[in-house]
Amino acid sequence: MKFIFMLLMFFLLPYSLLAQKEIDEDQGVYEYVLSPVKMSFSLAQKAIESVCAKANLKIISTAISQSPENCAYKSQVLILFDSTYASQLYNYNGNTAPFTMFDRLNLFEDENGLHVSIVNPDNLLRTVLMDDEKYMAFADAHKQKLRSIISSGLDGLVVHKQYGEVRDEGYIGRTMGVMAGGDFDTKIELLATKKNMTISKAVEAINNATQSHIGEWKIKARYQFIWADKNLAIMGLSSPSIESTSFEIVKEGSDDSREDFKCPGIAHAAAYPFQIVITASDSGVQIKMLEAMYRMKVFFEDAGMIAFAKNMTMPGSIQDEVEMIIKDALK
């Protein structure tokens, strides 16, 4: 009998390991860290700021997201910069890294209380680094570090529940065969070039242009970050109408447990702000943006095909407005 048991284990073990590998490959875009948080919103805000300072995480932005109409629940998105992590990521791929080198933390409320979630590095980096498996341990180690920092300073129940689009690979295909699929690096678009301009002057000009620009979405600059060591800048852009509309479209997404909530979409708030990247060229600057429809797929694909089809003009109109802002800034 012992021989038979060992023989069965010999044949079954590879299948067991394979099943475990498949489970590990399924990654949601977002992941809860604490749910619920047993603190008030304001105290949780202060606690997050405190633990980030102790861990040398620079807080780039602390924007309050725009909840949908008639929703009393709120969300705050913190954009965090870990210089060691960002530098390593940049060394891996200097072209794609600027679009994902910030961590995104969402402190949000709902009928079940207060929660902290993050954009999941395991999911996002697999897309941004185009399924290069040698970086996956790096992504997961960073996620565990981030989770540990957050959990160390807040009173709440530690959870690992993932939500958003769950993917078993980084590659994002086309919706209905036509919408916004492909490798991440092919979706970075060069919006403009400007000769005889420095990065700091470009940031100033674009920031000023967003403050005076009046368009459909009323897009404004939420943050500006100049990374002098890498000769680049990142600007975060968003607007109340973009955020609230996105949250109304995605609703509960893949998380059916949120279906009856008043405004379930704010769990996806860490998708914003979106970025433009400014880099130095030989004689001036280049301004780049991730294709808007593709970015929507990255963060909101769990809204479903029907929702994407009904709102397929929204991403293009957002990108058109960004291009108008940049044109005004650089003229």
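Let me begin by describing the structure that accompanies this report.

In this section: the overall build of the chain. Across its full length, the chain holds 10 helices and 12 strands. Taking 331 residues into account, the globule formula puts the C-alpha radius of gyration at 20 Å, and the chain, at 21 Å, falls close to it. For the C-alpha atoms alone, the extent of the chain along its principal axes is close to 80 × 45 × 45 Å. Residues classed as buried in the chain amount to 53% of the 331 residues present. For the chain, the proportion of contacts with a sequence separation of at least 24, taken over those separated by at least 6, is 74%. Counting only carbon and sulfur atoms, one obtains 54% of the accessible surface of the chain, whose full area is about 15400 Å². Of the side-chain charges in the chain, 33 are positive and 42 negative, and the distance between the mean point of each set is 6 Å.

So, about the side chain of His 115. Of note, His 115 is situated in strand β5 (residues 113–119). Residue classification places His 115 among the buried positions, given a relative accessible area of 3%. Among the polar contacts listed, one links the side chain of His 115 to the backbone oxygen of Gly 113, at a separation of 3.3 Å. Apart from residues no more than four positions distant in its own chain, His 115 is found in contact with Tyr 32, Leu 34, Ser 35, Pro 36, Val 37, Asn 106, Leu 107, Phe 108 and Asp 110.

Before going further, it helps to spend a moment on the environment of Ile 278. Inspection of the secondary structure assignment puts Ile 278 in strand β11 (residues 274–280). Given a relative accessible area of 0%, Ile 278 falls into the buried group. When sequence neighbours within four positions are dropped, the list of residues in contact with Ile 278 reads Ile 199, Ala 202, Val 203, Ile 206, Asn 231, Leu 232, Ala 233, Met 235, Val 285, Gln 286 and Ile 287.

Strand order in the open sheet made by the five strands is β8-β12-β11-β10-β9, with antiparallel pairing throughout. Looking at which strands have only one partner, the edges of the open sheet turn out to be β8 (188–195) and β9 (220–227). Sheet twist, expressed as the average angle between the axes of neighbouring strands with direction ignored, equals 20°. Of the strand pairs in this sheet, β9 and strand β10 (residues 232–238) are connected by seven bridges, and their pairing is antiparallel. Residue Ile 226 lies in a different strand from β10, and its bridge partner there is Ala 233. The strands that helix α6 (residues 199–212) touches are β9, β10, β11 and β12 (284–290); relative to β9, the one it contacts most, it runs at about 175°. Sitting on the sheet, helix α10 (residues 313–330) touches β8, β10, β11 and β12, and the angle it makes with β8 is about 10°.

What follows covers the state of the cysteines. Applying the stated criterion to the full structure yields one disulfide. Sulfur-sulfur distance for the disulfide between Cys 71 and Cys 263 comes to 1.8 Å. A residue pair is termed long-range when its members are at least 10 positions apart, and Cys 71 in the loop between β2 (58–64) and β3 (75–81) and Cys 263 in the loop between α7 (240–250) and β11 qualify at 192 residues. An identical accessibility class is assigned to Cys 71 and Cys 263; each is buried.

Inspection of every chain in the model, using the stated rule, returns 16 aromatic pairs. Measuring from centroid to centroid gives 5.9 Å for Tyr 90 and Trp 227, while their planes differ by 70°, and the two rings are edge-to-face. Residue Tyr 90 is located in helix α3 (residues 83–92), and its partner Trp 227 is located in strand β9; the two are separated by 137 residues in the primary sequence. Residue Tyr 90 is classed as partly exposed on the basis of its relative accessible area, which comes to 22%. For Trp 227, a relative accessible area of 6% translates into the label buried. Aromatic side chains Phe 184 and Tyr 294 sit 6.1 Å apart centroid to centroid with 70° between the ring planes, which places their arrangement in the edge-to-face category.

In this section: the pattern of salt bridges. Taken as a whole and judged by the stated rule, the model has 11 salt bridges. Here Asp 255 makes a salt bridge to Lys 161, at a shortest N to O gap of 3.1 Å. Pair noted here: Asp 255 is in the loop between α7 and β11 and Lys 161 is in the loop between β6 (156–158) and β7 (162–167), with a separation of 94 residues, a long-range link. A relative accessible area of 7% places Asp 255 in the buried class. What makes Lys 161 partly exposed here is its relative accessible area of 37%. A salt bridge links Glu 243 to Arg 222, with the nearest nitrogen and oxygen atoms 2.9 Å apart. Of this pair, Glu 243 sits in helix α7 while Arg 222 is found in strand β9, placing the two residues 21 residues apart along the sequence. Looking at Glu 243, the relative accessible area reads 2%, which means it is buried.

Parameters and conventions
Residues numbered from 1 in each chain as written. Predicted model: local features only at pLDDT ≥ 70, side-chain atom pairs only at ≥ 80, totals over all residues. Heavy atoms only, no water. Helix = DSSP H or I, 4+ residues; strand = E, 2+ residues; numbered from the N terminus. Rg over C-alpha atoms; globule rule 2.2 N^0.38 Å. Buried < 20%, exposed > 50% of the residue type's maximum accessible area, 1.4 Å probe, protein only. Contact = heavy atoms within 4.5 Å. Areas by Shrake-Rupley, 256 points an atom, 1.4 Å probe, with all protein chains shown as cover. Lys, Arg positive; Asp, Glu negative; His and termini not counted. Charge placed at Lys NZ, Arg CZ, Asp CG, Glu CD. Polar contact = N/O pair within 3.5 Å; in protein donor to acceptor, adjacent residues only side chain to side chain. Pairing = 2+ DSSP bridges. Axes fitted to C-alpha atoms, helices over the stretch in contact; angles between N-to-C directions. Disulfide = S-S within 2.5 Å. Phe/Tyr/Trp six-rings, centres within 6.5 Å; stacked < 30°, edge-to-face > 60°. Salt bridge = Lys/Arg side-chain N within 4 Å of Asp/Glu carboxyl O.

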